[in-house]
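Residue strings, one per chain:
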Amino acid sequence: METGTMKYEERLVFALRALYRRFGYRQFKMRKFEEYDLYARNKDFLISDNIITFTDLNGKLMALKPDVTLSIVRSGTDADGGVQKVYYNETVYRVSAAARGFREMAQSGVECIGAVDDFCLAETLMLAVESLRTISPDCVLDVSHLDIVSALVDALGVGDDVRRDVLKCIGEKNPHELEALCRAAGADAGAIADLKQLVQTSGAPAQVLPALKAMDRAPAAAVEQLETLTAALDALGLGDYLRIDFSVVGDMRYYNGVVFKGFVSGVPAGVLSGGQYDKLMRKMRRSARAVGFAVYLDQLERFSSEAEDYDVDTVLLYAPGTSATALLRAVRALSADGRSVTAQHTVPEKLRFRRLVRLDGDEVKIIEQNA
Amino acid sequence: MNKTLNIALPKGRLGDKVYAMFARAGFECPDILEENRKLVFENAALGLRYFWVKPSDVAVYVERGAADVGVAGKDILLEYAPDVYEMLDLKVGKCRMCVAAPTDFRDDRRRTLRVATKFTNIAAGYYASLGRDIDIIHLNGSVEIAPILGLSDVIVDIVETGRTLRENHLEVRETVVPISARLIANKASYEFKREKIDALRAGLARGTEGTEA
């Protein structure tokens, strides 16, 4: 397909789709709204719990979908052995803090549901890195393992409310508040020291993994899994894009295991986010395992530097009474090489054009040439 | 690729103090000490760009990536909850977020407490944690006057020395949270300017060592 006339975001969606299809992912299409119940039952899973609702003709409360994953999980059924691999390009409706109101946001992503093994995890991480590279070569994927984080937080032996604040500090890379909080809660000094180290540990896998292995409280199986996965990506030449960083914390009631977040230079917030969500599957009474990620296309609106210098290539002026046939012919001739043409009586105000021409009888005369 | 580190500092006394800490940490920009009205200062040799902004705006500049790092009070971070890394307690600009009331105020728990404050989220969160119903009155300044005029029962505000409170016949009833200046970083900037930001954090941490928390 000709992609030259597409906008940056459209080209990006196109490239991502090709990437996901290449690795056997099939497109998942869904409707714009779902029963509100689905979201009400899983509110904490959503990035924002504000939802646009309306009542359908049958009296059911419906919602414009604020999330894609829940719909995909709900639509599937568990099957032995295999994995269901889907990708999507959808619009979600969420509250945006920046807009102080609801916003329509474009999102692409993949979900891999079923007998998820280390290969599926490695493939998902690879697709995440490749998705980022499609946006910009200057990109980074931060990878964390929630089994490590939760083992270290468990070792503190603190209550649920302190635990929530501790996780917030981990997400903020905030060792000073973390220490004060844990000390006030009477946590074990060794456990606090380990957790502080974890918060400040971040960097290339080769640097971070040895430190993690030396940490007794970090579960060996999880550290090993991080090593296996990062080594697999390294073997593909993608290792330089990976960082182990434990500030990536998802809600532990839904996520488990490997979680990650992607950044590209020039965009101030994360543009990709994902991880394993076996716990969400259990909550939705599914026995399969699952992993996936979303690319936040709305974050990329200002990323592309392509600004159009002109609104239109050619403005074709014609006098009232000009033959419609002659005019149509002229428009088609001027646009035959793919350039845009608008026929007008007068030049519209503030319209930026490359050239201005006039139709004189059957002849096109150039009046002004800007580029 | 632009690897200049953009640093937002709060205008005013705290900013001057903080800049001195940055300079001691090896992140100096001598132009900044000149007396003029410029807001942006650059040290091209070190790849640094400093700019002065209103203290309450620092977190906005950092969250949106116009600044890679900045210094903001914990009060602002709690009130606006920006999505940034809070990397270091600089242990300067220390004060407390407090509940203050007229010296003769007696709290009647049967009534909804009227609270005047500039920090509505902090106040709401604090009273929610106590399970107390309150009526929040948002004010933009001179909060101390609210209880005097009967607009509110108490105020939630920053207390440094307590002098303003005393002069208005108010006293601290409870401390909500201690406040100090924090080094914050944009989450994406940290990924791409990690070495510089880590070096800055380490340099500043050395400077604050031994300072009482």
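The model shown is predicted, which means the values in this text are computed figures rather than measured ones.

Looking only at helices and strands, one finds eight helices and 11 strands in chain B. Judged by the C-alpha coordinates and their principal axes, chain B covers about 65 × 35 × 35 Å. A burial count over chain B gives 51% of its 213 residues as buried. Of all intrachain contacts in chain B linking residues separated by at least 6 positions in sequence, the fraction that spans at least 24 positions is 68%. Positive and negative side-chain charges of chain B, numbering 31 and 31 respectively, have mean locations separated by a distance of 1 Å.

Assigned secondary structure in chain A consists of 12 helices and 16 strands. Computed over C-alpha atoms, the radius of gyration of chain A comes to 27 Å, more than 25% over the 21 Å expected from 2.2 N^0.38 for 371 residues, which places it beyond the range of a compact globule. Taken over the C-alpha atoms alone, chain A extends approximately 90 × 55 × 45 Å along its principal axes. Within chain A, the proportion of its 371 residues that are buried is 48%. For chain A, contacts bridging at least 24 residues in sequence account for 69% of all contacts bridging at least 6. Counting every atom, chain A has about 18,200 Å² of accessible surface; 47% of that belongs to carbon and sulfur. For chain A, the centre of its 46 positive side-chain charges and the centre of its 52 negative side-chain charges are spaced 4 Å apart.

Many authors give the size of an interface as the accessible area that is lost as the parts come together. Contact with chain A, which involves 24 residues of that partner, is made by 20 residues of chain B. Together chain A and chain B conceal approximately 1,700 Å² of surface at their shared face, both sides included; 47% is due to carbon and sulfur atoms. Broken down residue by residue, the surface that chain A buries against chain B is led by K173, H176 and P268 of chain A, which jointly contribute 30%. Note that E191 of chain B and R243 of chain A form a salt bridge whose closest N and O atoms lie 3.2 Å from each other. Across the contact surface, chain A and chain B share nine residue pairs in polar contact (both at pLDDT 80 or more). Put simply, the parts of the chain that give the side of chain A that touches chain B at least two residues each are β7 (139-145), α7 (175-184), β8 (202-203), β9 (242-245) and β10 (256-264) of chain A. Residue classes in the side of chain A that touches chain B are distributed as nine nonpolar, eight polar and seven charged.

Another point: the packing of helix α5 (residues 146-154) of chain A against helix α6 (residues 160-171) of chain A. Residue and element names in this part refer to chain A. Relative orientation of the contacting elements α5 and α6 amounts to 130°, with a least axis distance of 11 Å. Relative to α6, α5 is oriented oblique. The two elements α5 and α6 cross, and the hand of that crossing is right-handed. Touching V149, S150, V153 and D154 of α5 are R163, V166, L167 and I170, all from α6.

Moving on, we get to the pattern of salt bridges. Any two side chains of opposite charge can pair, so long as their charged atoms come close to each other. Counted according to the given criterion, the structure contains 35 salt bridges over all chains. In this structure, D251 of chain A engages R253 of chain A in a salt bridge whose closest nitrogen and oxygen atoms are separated by 2.8 Å. Residue class for R253 of chain A comes out partly exposed when judged on its relative accessible area of 47%. With a closest N to O distance of 2.8 Å, K187 of chain B and D83 of chain B form a salt bridge. One end of the pair, K187 of chain B, is in helix α7 (residues 187-192); the other, D83 of chain B, is in the loop between α3 (74-80) and β5 (85-89), and 104 residues separate them in sequence. Residue D83 of chain B is classed as partly exposed on the basis of its relative accessible area of 40%. Each of K173, R243 and D245 of chain A together with E191 and R194 of chain B takes part in a single network of salt bridges with overlapping partners.

As a further point, take the nonpolar core. Counting residues in hydrophobic clusters, the biggest one holds 73 residues, and the most contacted among them are Y20, L141, I148 and L156 of chain A. With 10 residues, helix α4 (residues 118-135) of chain A is the single largest residue contributor to this core. Setting aside residues no more than four positions away along its own chain, L141 of chain A makes contact with L125, A128, V129, L132, Y241, L242, R243, F260, K261, G262 and L272 of chain A. Formed by 30 residues, the second largest nonpolar core is a distinct cluster that contains M21, F41, V71 and L90 of chain B.

On to helix α10 (residues 220-235) of chain A. Residues and elements named next belong to chain A. End to end, α10 covers 22 Å across 16 residues, agreeing with the expected 22 Å (1.5 Å per residue, within 8%). Where α10 is concerned, the buried positions are A222, V223, Q225, L226, L229, T230 and L233. Viewed end-on, α10 has its buried residues packed into an arc of 160°, placing them on one side of the element. In this structure, α10 carries A220, A221, E224 and A235 as exposed residues pointing more than 90 degrees from its buried face. Buried residues in α10 make contact with α4, β7, α5, α9 (205-213), β9 and β10. Remark: G237 follows α10 within two positions and exhibits a positive phi of approximately 80°.

Another point: the environment of Y318 of chain A. By the element assignment, Y318 of chain A lies in the loop between β13 (312-317) and α12 (324-334). In the structure, Y318 of chain A is positioned 41 residues away from L359 of chain A in sequence and 5.4 Å away in space, judged by C-alpha atoms.

Let us now look at the sheet that holds β7 of chain A. All names here are of chain A. As summarised here, the arrangement of the nine strands in space is β1-β5-β6-β12-β11-β10-β7-β9-β8, forming an open sheet in which the pairing is mixed. Both edges of this open sheet fall to β1 (26-27) and β8, since each of them pairs with a single strand only. Direction of pairing for β8 relative to β9: antiparallel, over a ladder of two bridges. Looking at the pairing, S202 lines up with D245 of β9. The strands touched by α9 are β8 and β9; relative to β9, the strand with the most contacts, the crossing angle is about 30°.

Here we take up the packing of aromatic side chains. All names here are of chain A. If you walk through the whole model with that rule in mind, you get nine aromatic pairs over all chains. Between the aromatic rings of F33 and F54, the centroid separation amounts to 5.3 Å while the plane-to-plane angle is 90°, which identifies the pairing as edge-to-face. In this pair, F33 sits in strand β2 (residues 33-35) while F54 sits in strand β3 (residues 53-55), placing the two residues 21 residues apart along the sequence. Classification of F33 as partly exposed rests on a relative accessible area of 28%.

This part takes up α7 of chain A. Residues of α7 of chain A that are buried: P175, H176, L178 and C182 of chain A. Summarising the axial view, the buried residues of α7 of chain A lie within an arc of 160°, below the 170-degree limit, and thus occupy one face. Residues of α7 of chain A that are buried in the fold lie against α6 and α8 (189-200) of chain A together with β5, β11 (181-185) and α8 (194-208) of chain B.

Each value, and the rule that gives it
- Residues numbered from 1 in each chain as written.
- Chains lettered and ligands numbered in written order.
- Predicted model: local features only at pLDDT ≥ 70, side-chain atom pairs only at ≥ 80, totals over all residues.
- Heavy atoms only, no water.
- Helix = DSSP H or I, 4+ residues; strand = E, 2+ residues; numbered from the N terminus.
- Buried < 20%, exposed > 50% of the residue type's maximum accessible area, 1.4 Å probe, protein only.
- Contact = heavy atoms within 4.5 Å.
- Lys, Arg positive; Asp, Glu negative; His and termini not counted.
- Charge placed at Lys NZ, Arg CZ, Asp CG, Glu CD.
- Rg over C-alpha atoms; globule rule 2.2 N^0.38 Å.
- Areas by Shrake-Rupley, 256 points an atom, 1.4 Å probe, with all protein chains shown as cover.
- Buried area = accessible area lost by both parts, 1.4 Å probe.
- Salt bridge = Lys/Arg side-chain N within 4 Å of Asp/Glu carboxyl O.
- Polar contact = N/O pair within 3.5 Å; in protein donor to acceptor, adjacent residues only side chain to side chain.
- Nonpolar A, V, L, I, M, F, W, Y, C, P; charged D, E, K, R; others polar.
- Axes fitted to C-alpha atoms, helices over the stretch in contact; angles between N-to-C directions.
- Parallel < 35°, antiparallel > 145°, perpendicular 65-115°, else oblique.
- Left-handed = near helix turned anticlockwise from the far one by under 90°.
- Core = buried A, V, L, I, M, F, W, Y, C linked by side-chain atoms within 4.5 Å.
- Expected span 1.5 Å × (residues − 1).
- Arc of directions from axis to C-beta.
- Pairing = 2+ DSSP bridges.
- Phe/Tyr/Trp six-rings, centres within 6.5 Å; stacked < 30°, edge-to-face > 60°.

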